[in-house]
Amino acid sequence: MTSLKENQTAWIVCKFGGTSVSSVTCWQNIKAICQKHLKQGLKPLLVCSAASRITNLLVQLLNDARNGNYADCLTTVKTIYVNLAAELEIDPTVLTKNFQELQQLCEGIALLNEVSPRIHARILAQGELILTLIGEAFLRKQGLNCVRIDARDHLQIQKQGIHKNYLSAQCHTEFDHKLSENLTGIYAEILITQGFIAGNEKHETVLLGRGGSDTSAAYFAAKLQAKACEIWTDVPGIYTANPKLIPEARLLTDLDYDEVQEIASVGGKVLHPNCIEPLRLHKIPLHVKFTERPEHPGSIASYNVTQNKLPIKSIITQYKVYLISIDTIRMWQHVGFLADIFACFQKYEISVNLVSTSESNVSVSLDPTDGGDHEKIEALLVELNKFSKATLIGPCASISLVGRNIRAVLHQVSDLFSVFESQKVHLLSQAANDLNLTFVVDEEQAERLAKKLHVILIEQNHTSHYLSKSWLEEFGEIQPRPTPWWQDKKLALLELAQTNSPVYVYDSEILTLNAKGLLNFK
Ligand code: ADP
Ligand code: ASP
Ligand code: MG
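Residues numbered from 1 in each chain as written. Chains lettered and ligands numbered in written order. Predicted model: local features only at pLDDT ≥ 70, side-chain atom pairs only at ≥ 80, totals over all residues. Heavy atoms only, no water.

Draft legend 1. Focus on the site of ligand 1. Neighbouring residues of ligand 1: 17 residues in total, closest Thr233, Asp234, Asn242, Lys244 and Lys269. Within the backbone of Tyr239, a nitrogen or oxygen atom sits 2.9 Å from a nitrogen atom of ligand 1. Measuring from an oxygen atom of ligand 1, one finds a side-chain N or O atom of Lys244 at 2.9 Å. If ligand 1 stood free it would expose 570 Å²; the protein chains cover 88% of that surface. By residue class, the composition of the shell around ligand 1 is seven nonpolar, six polar and four charged. (Near = heavy atom within 4 Å. Polar contact = N/O pair within 3.5 Å; in protein donor to acceptor, adjacent residues only side chain to side chain. Areas by Shrake-Rupley, 256 points an atom, 1.4 Å probe, with all protein chains shown as cover. Nonpolar A, V, L, I, M, F, W, Y, C, P; charged D, E, K, R; others polar.)

The structure is reproduced here in structure tokens:
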């Protein structure tokens, strides 16, 4: 944890995602969370996303406006926010100016029949800007001295390239003395600001990439050297798989930054991949918490990890993955061939996630969080086809196994490859840091394969007994977890330990049962 100098404000940054800001119950919980922190002498900086569905609707609004037919979509956005304001008993006229700005931006797009990245960013930013107006008004009405600040005035981006600069920008992460002074100087108990948005040197609006509110929170936490960064969301923490897809997934209570980084990077949506590094740099603990049940302990990522050594911690599935397969015979002994290929990706500002190469083929997966701009991808294919044969494959899905020393445990999971037996694996990539192994398969195969892998690698692994409960145990229909065999035979084991210790003990009943299970496993 960061050590504070005398008189330095002890900040705690709390980020609330879309579902966490979309109902009265959630806002009551947000109020209680703030009060708890205040009691502990911590000053909350709330970083809020847009309400559920809003950013997707604003993306649709961009397209509708280009076609000159945006009225319905704009009405839906306004209605969601006016209804939320009504539920929270807030005067909706506080939103009028922002609604007008949205209307004017749409008129401009319709007139020009095109959307620049600059306007794209301004439209999407309204989701968060409007939400924080509502949040501030609610908390003030509840008697808290809450002041809203504009994230664009406080988070400055680094320069990267025109597309990246407006739509998926990044910020510096050093401690920001001036910011700390400015925010401490505001007379308020609580500050509230927008996630997802930042400002550039021309004071224009820029975005931090879809899902980027987590990253906003991490930037603020790093710049303020906060005591902790809390990501409040619609699940109680980081699980061994997406619990909405695999309810048998178990909660991982303690993780280290590397593991969380890997889970986020391979598509575990619960955290944005850019939000871990700023916290790791400043050793700020990252908590993932459940807004519906604030008392739930959740997950913590930090340096001091006590979680058991389950070799594979999480199985992460990511959909809408596109691959570009590049065939050529020129690669053989051709110096600079890969450089030529990647220069094309750079030209069109298309990020690459996974790469696999052989003598005559290079396959890469495109970053699904990049927005999938089909015009740019088409242009890239034309360019690549000038000196190779490039084909687009997809939509596919990636299934990643994340854990420490994956290489060392692969021999224990010989069943793993039989799971893929008759399925086409388009790309297989093992990370050089030995933290993940990723398979790219057809989308329709992904759910079934991920479930099978979860059974083999996690549910059937005896060490998973030490993990917290599964989603199903806590929130689904109750399926009591079988008591581990050694608990029932505790007395006999203690007796044995008196005469022989240390000693390896196997339970013949369990061995037989598991052997039968393996034989029956399809
Ligand atoms: P928010 O709007 O709060 O940012 P997100 O939808 O971005 O929430 O992230 C939370 C979602 O992440 C969960 O609802 C869950 O379905 C998904 N998710 C994917 N992988 C995991 C995982 N390993 N552990 C927990 N949640 C996961
Ligand atoms: N509202 C933005 C999005 O949906 C940012 C976020 O939710 O983190 O992408
Ligand atoms: Mg999110």
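Draft legend 2. Geometry of the pairing of strand β4 (residues 190-194). Along β4, five of the five residues are buried, which leaves the element largely enclosed by surrounding structure. Residues Ile190, Ile192 and Gln194 of β4 are buried on one face, and the alternating residues Leu191 and Thr193, pointing to the opposite face, are buried as well. Judged from the four bridges that link them, strand β2 (residues 43-48) and β4 form a sheet pairing that is parallel. When the sheet's bridge partners are listed, Val47 is paired in β4 with Thr193. In the sheet, strand β3 (residues 146-148) pairs with β4 via three bridges, with the strands oriented parallel. Of the residues in β4, the one forming a bridge with Cys146 is Ile190. (Buried < 20%, exposed > 50% of the residue type's maximum accessible area, 1.4 Å probe, protein only. Helix = DSSP H or I, 4+ residues; strand = E, 2+ residues; numbered from the N terminus. Pairing = 2+ DSSP bridges.)

Draft legend 3. Broad picture of the site of ligand 2. Taken together, the neighbourhood of ligand 2 is formed by Ser49, Thr55, Glu128, Phe196, Arg210, Gly211, Gly212 and Ser213. Between Thr55 and ligand 2, the recorded distance is 2.7 Å, taken from a side-chain N or O atom to a nitrogen atom. Starting from 260 Å² of accessible surface for ligand 2 in isolation, the protein chains cover 86%. Looking at the shell around ligand 2 residue by residue, the classes come out as one nonpolar, five polar and two charged.

Draft legend 4. Quick peek at the pattern of salt bridges. Counted by the stated rule, this structure contains 17 salt bridges. Glu277 serves as the salt-bridge partner of Arg280, at 2.8 Å between the closest nitrogen and oxygen. Highlighted residues: Arg280 and Glu277, both in helix α11 (residues 276-281), separated by three residues, approximately one helical turn. Given the relative accessible area of 19%, Arg280 is considered buried. You can call Glu277 partly exposed: its relative accessible area is 37%. Taken together, the salt bridges that share partners define one network made up of Asp256, Asp258, Glu277, Arg280 and Arg404. (Salt bridge = Lys/Arg side-chain N within 4 Å of Asp/Glu carboxyl O.)

Draft legend 5. Inspection of the nonpolar core at higher detail. Counting residues in hydrophobic clusters, the biggest one holds 105 residues, and the most contacted among them are Trp27, Leu45, Leu46, Leu61, Tyr81, Ile123 and Leu271. Among the elements that make up this core, the one with the highest residue count is helix α5 (residues 117-141) (12 residues). Those residues in contact with Ile123, other than ones at most four positions away along the chain, are Leu58, Leu61, Leu62, Leu102, Leu105, Cys106 and Ile109. Listed in part, the 27 residues of the second largest apolar core include Val235, Tyr239, Leu251 and Val441. (Core = buried A, V, L, I, M, F, W, Y, C linked by side-chain atoms within 4.5 Å. Contact = heavy atoms within 4.5 Å.)

Draft legend 6. Structural view of the sheet that holds strand β15 (residues 361-366). Ordered in space as β14-β15-β13-β16-β18-β17, the six strands form an open sheet in which the pairing is antiparallel. Two strands lie at the open edges of the sheet, namely β14 (352-357) and β17 (425-430), each paired on one side alone. Neighbouring strand axes in the sheet, compared pairwise and without regard to direction, differ in orientation by 30 degrees on average. Two strands pair when backbone bridges link them, and strand β13 (residues 312-327) and β15 are joined in this way by five bridges, in the antiparallel orientation. Looking at the pairing, Ile324 lines up with Val364 of β15. (Axes fitted to C-alpha atoms, helices over the stretch in contact; angles between N-to-C directions.)

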